[in-house]
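Chain by chain, the residues run as shown.
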Amino acid sequence: MTFDIVTIFPAMFEAALAAGVVGRAIDRRLLEVVVHDLRDFTTDRHRSVDDVPYGGGPGMVMKPEPIFKALDAIDERRGTPVTVLLMSPQGKPFTQRDAERLGAQEHVALLCGRYEGVDERVRSRVDEEVSIGDYVLSGGELPALVVLDAVARHVPGVVGDDQSVAEDSFSRGLLDFPHYTRPAVVGDLRVPDVLLSGNHQEIRRWRKQQSVERTLERRPDLLENAALDDEERQILNKIRSGVRAGGSNGRD
Ligand code: 4HQ
């Protein structure tokens, strides 16, 4: 899969793309990521990427022609259709579903705006406008890295165990269960006995219980569309009817 990123701050991508799962996938040629400096597509002496807004008002707007030229160069390089995403707080909230869907595309381009945003006519070349959340950032670069990371994880081979990616609790609409590692006791904080019991049936059941309880407590909205298995459904029904599972003290 290929990603083309259009930005006025290419340096923001260097460390982020070299590290971890994504960095390794690039080394292994499972992903190709090209970062395009928008100023390379300007034609004026000052390499201007922004201008004053028509109609007046504060701030600056990103000029359309450098962006169109960058997208033309990307189309030319890729040869086959490129899905163009614009990072914007006005976009549709980006979800795990979107990450899964976009992971099946061959070529994705990510447009990163700065200032007050891009000239509205840029949207004629955009397939999807996506928001990573309801807060205002200084530019689309961090959102582009978020989207790239979440999408790349769905490209076969990028994450070691693609079974675990497909069955990731979040993909099914549940929050993750609590994790512990050694030592078993730190100060007065103990690892739950069940995890030390070696009873794998009980451990599986406890983790499901924790996932369902946490989701109900912290993100009940997720349960509307969750793909629960029979056991999880049963746990949820039990909690909702006021029955506590053995061992749980209801504190979390
Ligand atoms: N921005 N999700 C403003 C965001 C944003 C978000 C990107 C700031 C675009 C012009 N993008 N620029 N939240 O806040 O995607």
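Right above here is the structure, for reference.
Let me sum up the structure you'll find in this document.

Conventions and cut-offs
Each chain has its residues counted from 1, running along the sequence as written. This being a predicted model, a pLDDT of at least 70 is required before a residue's local features are given, and a value of 80 or more before pairs of side-chain atoms are given or counted; all residues contribute to the totals for chains, interfaces and linings. Note: side-chain values were computed over all heavy atoms of the structure, leaving out hydrogens and water. The way it works is that DSSP assigns letters per residue, a run of H or I at least four long becomes a helix, a run of E at least two long becomes a strand, and they are numbered from the N terminus. Burial status follows relative accessibility: with a 1.4 Å probe on protein chains alone, a residue under 20% of its type maximum counts as buried, one over 50% as exposed, and anything between as partly exposed. Residues qualify for a patch when their relative accessible area is over 30% and they have no salt bridge, like charges being joined within 9 Å and the nonpolar side chains of Val, Leu, Ile, Met, Phe, Trp and Tyr within 5 Å. Accessible surface area values rest on a Shrake-Rupley calculation with a 1.4 Å probe, where residue burial reflects the displayed protein chains alone. What counts as a salt bridge is simple: a side-chain nitrogen of Lys or Arg found within 4 Å of a carboxyl oxygen of Asp or Glu. Any residue with a non-hydrogen atom lying within 4 Å of a molecule or strand is treated as near it. Here a polar contact means two N or O atoms within 3.5 Å. Within protein one must be a hydrogen donor candidate and the other an acceptor candidate, and residues neighboring in sequence count only if both atoms are side-chain atoms. Gly counts as polar in this scheme, as do all residues outside two lists: the nonpolar Ala, Val, Leu, Ile, Met, Phe, Trp, Tyr, Cys and Pro, and the charged Asp, Glu, Lys and Arg. The criterion for strand pairing is that DSSP finds at least two bridges linking the strands in question. To obtain each axis, a line is fitted to C-alpha atoms, and for helices this fit is confined to the stretch in contact; angles are then taken between N-to-C directions over 0 to 180 degrees. Should any heavy atoms of two residues lie within 4.5 Å, those residues are counted as being in contact.

1. Remarks on the environment of Pro143
Stage number 1. Relative to the elements of secondary structure, Pro143 occurs in helix α5 (residues 141-152).
Stage number 2. For Pro143, a relative accessible area of 7% gives the class buried.
Stage number 3. The spatial distance from the C-alpha of Pro143 to the C-alpha of Ile132 is 6.0 Å, given a sequence separation of 11 residues.

2. Here we look at a nonpolar patch on the surface
Stage number 1. A surface patch of nonpolar side chains, amounting to about 430 Å² of accessible area, comprises Phe9, Met12, Tyr135, Leu137 and Leu142.
Stage number 2. As for its placement among the helices and strands, Leu142 is situated in helix α5.

3. So, the site of the ligand
Stage number 1. Close to the ligand lie 17 residues, the nearest being Ser88, Ile132, Gly133, Tyr135 and Leu137.
Stage number 2. Between a nitrogen atom of the ligand and a main-chain N or O atom of Ser88, the distance comes to 3.3 Å.
Stage number 3. Interatomic distance of 3.2 Å between a backbone N/O atom of Gly133 and a nitrogen atom of the ligand.
Stage number 4. Considered on its own, the ligand offers 360 Å² of accessible surface; in the complex 94% of this is hidden by protein.
Stage number 5. For the shell around the ligand, the secondary structure elements donating two or more residues are β5 (83-93) and β7 (128-131).
Stage number 6. Residue contributions to the shell around the ligand peak at three residues, all from β5.
Stage number 7. Of the residues assigned to the shell around the ligand, the class counts are nine nonpolar, seven polar and one charged.

4. So, the sheet that holds strand β6 (residues 107-111)
Stage number 1. Taken in spatial order, the five strands line up as β2-β1-β6-β5-β7 in an open sheet, and their pairing is parallel. Each end of this open sheet is capped by a strand with a single partner; those strands are β2 (32-37) and β7. Direction aside, neighbouring strands of the sheet carry axes that sit 30° apart on average.
Stage number 2. Pairing of β5 with β6, which is carried by four bridges, proceeds in the parallel orientation. Looking at the pairing, Leu85 lines up with Leu110 of β6.
Stage number 3. Each of β1 (2-7), β2, β5, β6 and β7 touches α5; the most contacted strand, β1, lies at about 175° to it.

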